[in-house]
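Fold and contact review
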Amino acid sequence: EDQVTQSPEALRLQEGESSSLNCSYTVSGLRGLFWYRQDPGKGPEFLFTLYSAGEEKEKERLKATLTKKESFLHITAPKPEDSATYLCAVQAGSGGGADGLTFGKGTHLIIQP
Amino acid sequence: DTGVSQDPRHKITKRGQNVTFRCDPISEHNRLYWYRQTLGQGPEFLTYFQNEAQLEKSRLLSDRFSAERPKGSFSTLEIQRTEQGDSAMYLCASSRSGSMAGELFFGEGSRLTVL
């Protein structure tokens, strides 16, 4: 069974204080690893796709990296508007849409001004 | 781009009643997904449509849950004989065929409360 574990469950940072969120996974035949952002009362918003170990993606203050067992979401000099729950998800199997994503529980990030 | 639209946003019902949620995906997206999210958890995959064909439904939580996408456009998710454990956010997502299947556009969800 595919498993995704995110840590920490919650993280409180001061504005400008950089940090990293962790996503460890156990899956047979990883097709892709995905990061989403979710604001309270809203649906998740897609951020990044990572396909293979060593890959990195960046967007504004966020950078996602992937190894064979885990992924990190690095946040550099965060601002209060970066406060959200960050979800990690994996897709395994033969690919195509029929293989739904397996999500972790998320990291609830709060950036204090 | 009007985004994925879900209706109703909130539904309160009594145990034993049937409820139906509607999802209108982004117009050019032929893939449509339903997920369920409970408090403090990540979304849980329920079912998947490509056009009007339901290609994955084994993950629906019980035979009380059913979904349709009759003309390959909007979709409905029905829960019969609701139970208190069905209280959750029901999320719809869509994507284009050819895009990576995990790059989904989610709606804002339909929150169900079963009393």
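Going by the structure above, here's the rest.
All values reported here derive from a predicted model rather than from experimental measurement.

1. Quick word on the packing of aromatic side chains
Tallied over the entire structure, the rule returns ten aromatic pairs over all chains. Taking the centre distance of 5.9 Å and the plane angle of 90° together, the rings of Phe103 of chain A and Tyr35 of chain B count as edge-to-face. Highlighted residues: Phe103 of chain A in strand S10 (residues 102-103) and Tyr35 of chain B in strand S4 (residues 31-37), drawn from two different chains. What makes Phe103 of chain A buried here is its relative accessible area of 10%. Residue Tyr35 of chain B is classed as buried on the basis of its relative accessible area of 0%. Here the aromatic rings of Phe103 of chain A and Phe106 of chain B are separated by 6.4 Å at their centres, their planes lie at 70°, and the arrangement is edge-to-face. Linking Phe103 of chain A in strand S10 with Phe106 of chain B in strand S10 (residues 105-106), this pair reaches from one chain into another. Assigned by exposure class, Phe103 of chain A and Phe106 of chain B land together as buried. Within the aromatic cluster, the residues linked to one another by ring pairs are Tyr36, Phe46 and Phe103 of chain A together with Tyr35, Phe45 and Phe106 of chain B.

2. Regarding the sheet that holds strand S7 (residues 65-68) of chain B
All names here are of chain B. Spatially, four strands are ordered S1-S3-S8-S7 in an open sheet, and the strand pairing comes out antiparallel. On the outer flanks of this sheet lie strand S1 (5-7) and S7, each paired with one strand and no other. Between one strand axis and the next, the sheet turns by 15° as a mean value, whatever way the strands run. Summarising the sheet, S7 and strand S8 (residues 75-79) pair through four bridges and their orientation is antiparallel. In the strand pairing of S8, Phe65 is matched with Ile79.

Analysis parameters
Residues numbered from 1 in each chain as written. Chains lettered and ligands numbered in written order. Predicted model: local features only at pLDDT ≥ 70, side-chain atom pairs only at ≥ 80, totals over all residues. Heavy atoms only, no water. Phe/Tyr/Trp six-rings, centres within 6.5 Å; stacked < 30°, edge-to-face > 60°. Helix = DSSP H or I, 4+ residues; strand = E, 2+ residues; numbered from the N terminus. Buried < 20%, exposed > 50% of the residue type's maximum accessible area, 1.4 Å probe, protein only. Pairing = 2+ DSSP bridges. Axes fitted to C-alpha atoms, helices over the stretch in contact; angles between N-to-C directions.

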